[in-house]
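Survey of secondary and tertiary structure
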Amino acid sequence: MPRSIVAGNWKMNTTLETAARLAAGVAAGAGSVGGVELILCPPFVSLAAVRDAVSGSRVEVGAQNMHHEGSGAFTGEVSAEMLAGLCQYVILGHSERRQLFGETDESVNLKVRAALLAGLRPIVCVGETLEQREAGDAADVVEGQVLAGLTDVTDISDLVVAYEPVWAIGTGRAATPEIAQEIMGGAILDALRDLFGDAGEEVPLLYGGSVNAGNAGAFAEQANIHGGLVGGASLQADQFLEVAAAVVEAKG
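What you are looking at is a predicted structure, and each value in this text was computed from that prediction instead of being measured.

On to the environment of Val248. Mapped onto the elements of the fold, Val248 is located in helix α10 (residues 237-251). Between the C-alpha atom of Val248 and that of Met184, which follows or precedes it by 64 residues, the distance is 19 Å. Residues in contact with Val248, not counting those within four places in the same chain, are Val33, Gly34, Gly35 and Val36.

Following this line, the structure appears as structure tokens:
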């Protein structure tokens with residue numbers, strides 16, 4: 001059974017001061033939520049502050065993106081080697097990166113391989129647009145993203161996959177638990193089995209897209225949903241911890 005995970009993607013929110021305060025609040029309450037791995041993903045500028053704020057707690061830290069090259073003339077970019085001393089995880093292929101910054105399955109694949117080489121644990125995001133879903137292509141699109149994004153990856157012991165239907169991100173319109181389970185227990189799990197055999201069944205699968213304390217439990221009750229990648233609800237320590245508690249209760 002894959003481990004349960006709740007990760008908070010803060011996106012381009014918080015300042016250095018508010019990030020440290022938010023992280024400290026999560027760390028202070030983390031002891032009351034056992035049985036789930038907690039990860040905070042602040043902006044690059046706050047990684048060190050958040051790392052220090054959660055030191056000694058069970059909370060881990062992740063970055064929101066990285067470049068696949070180790071170094072070079074890539075102004076404004078951050079490499080896996082730079083992140084390795086600051087965090088344990090890195091979000092890769094988020095739909096906002098794909099839509100707004102032109103990332104492709106191929107560039108995500110390069111990042112995944114670079115992250116693993118540097119000892120980082122990638123949270124690889126996949127998901128279809130509303131147009132793709134309405135055309136009946138959701139499963140094919142998501143399966144293709146998994147297959148392409150994980151090409152030539154061999155060690156998946158640190159891999160996490162997050163399903164984030166694009167039409168549900170930041171819209172307040174979450175997919176139903178049944179829709180999420182259909183894709184995660186179908187297209188995503190099928191792709192992981194194709195690539196890695198039975199080992200693919202041990203990869204934690206997270207649902208993301210307007211996750212909150214009110215719906216997190218219903219998602220986690222599904223057989224192939226092992227936690228959540230949380231956006232807006234992760235910007236309040238109490239709400240984030242409530243999401244985690246809901247996941248723990250659902251997984252029992």
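Now that the structure has been shown, we can carry on.
This part is about the nonpolar core. Membership of the largest hydrophobic core comes to 68 residues, with the highest contact counts inside it found for Ile188, Leu192 and Tyr207. Not counting residues within four places of it along the chain, the set of residues in contact with Tyr207 comprises Tyr163, Pro165, Ala168, Ala174, Ala175, Ala180, Met184, Phe219, Ile225, Gly227, Gly228 and Leu229. Among the nonpolar cores identified, the runner-up in size contains twelve residues, and Cys41, Tyr89, Ala162 and Leu206 belong to it.

All right, on to the side chain of Asn215 then. Residue placement: Asn215 occurs in the loop between β7 (205-208) and α9 (216-220). When its relative accessible area of 15% is taken as the criterion, Asn215 is described as buried. With near-sequence residues (within four places) excluded, Asn215 lies in contact with Ala174 and Ser210.

Right, let's get into helix α1 (residues 16-29). The periodicity of an α-helix, 3.6 residues per turn, causes residues three or four positions apart to be oriented the same way. Helix length check: α1, at 14 residues, gives a terminal C-alpha distance of 20 Å against a target of 20 Å (1.5 Å per residue), a fit within 8%. Ala19, Leu22, Ala23, Val26, Ala27 and Gly29 are the residues of α1 that are buried.

Right, let's talk about the sheet that holds strand β1 (residues 5-9) for a bit. Read around the barrel, eight strands follow the order β1-β2-β3-β4-β5-β6-β7-β8 and close on themselves; strand pairing throughout is parallel. Looking at each pair of strands side by side, their axes are set apart by 25° on average, direction ignored. Of the strand pairs in this sheet, strand β4 (residues 89-92) and strand β5 (residues 121-126) are connected by four bridges, and their pairing is parallel. Considered in β5, the bridge of Tyr89 is made with Arg121.

Now for helix α5 (residues 105-117). For α5, with 13 residues, the first-to-last C-alpha span of 18 Å sits near the 18 Å given by 1.5 Å per residue. Along α5, the residues that are buried comprise Asp105, Val108, Asn109, Lys111, Val112, Ala114 and Ala115. Those residues of α5 that are buried lie in contact with α3 (80-83), β4, α4 (95-101), β5 and α7 (138-149). Following α5 by one or two positions, Gly119 has its phi on the positive side, about 85°.

Parameters at a glance
- Residues numbered from 1 in each chain as written.
- Predicted model: local features only at pLDDT ≥ 70, side-chain atom pairs only at ≥ 80, totals over all residues.
- Heavy atoms only, no water.
- Helix = DSSP H or I, 4+ residues; strand = E, 2+ residues; numbered from the N terminus.
- Contact = heavy atoms within 4.5 Å.
- Core = buried A, V, L, I, M, F, W, Y, C linked by side-chain atoms within 4.5 Å.
- Buried < 20%, exposed > 50% of the residue type's maximum accessible area, 1.4 Å probe, protein only.
- Expected span 1.5 Å × (residues − 1).
- Pairing = 2+ DSSP bridges.
- Axes fitted to C-alpha atoms, helices over the stretch in contact; angles between N-to-C directions.

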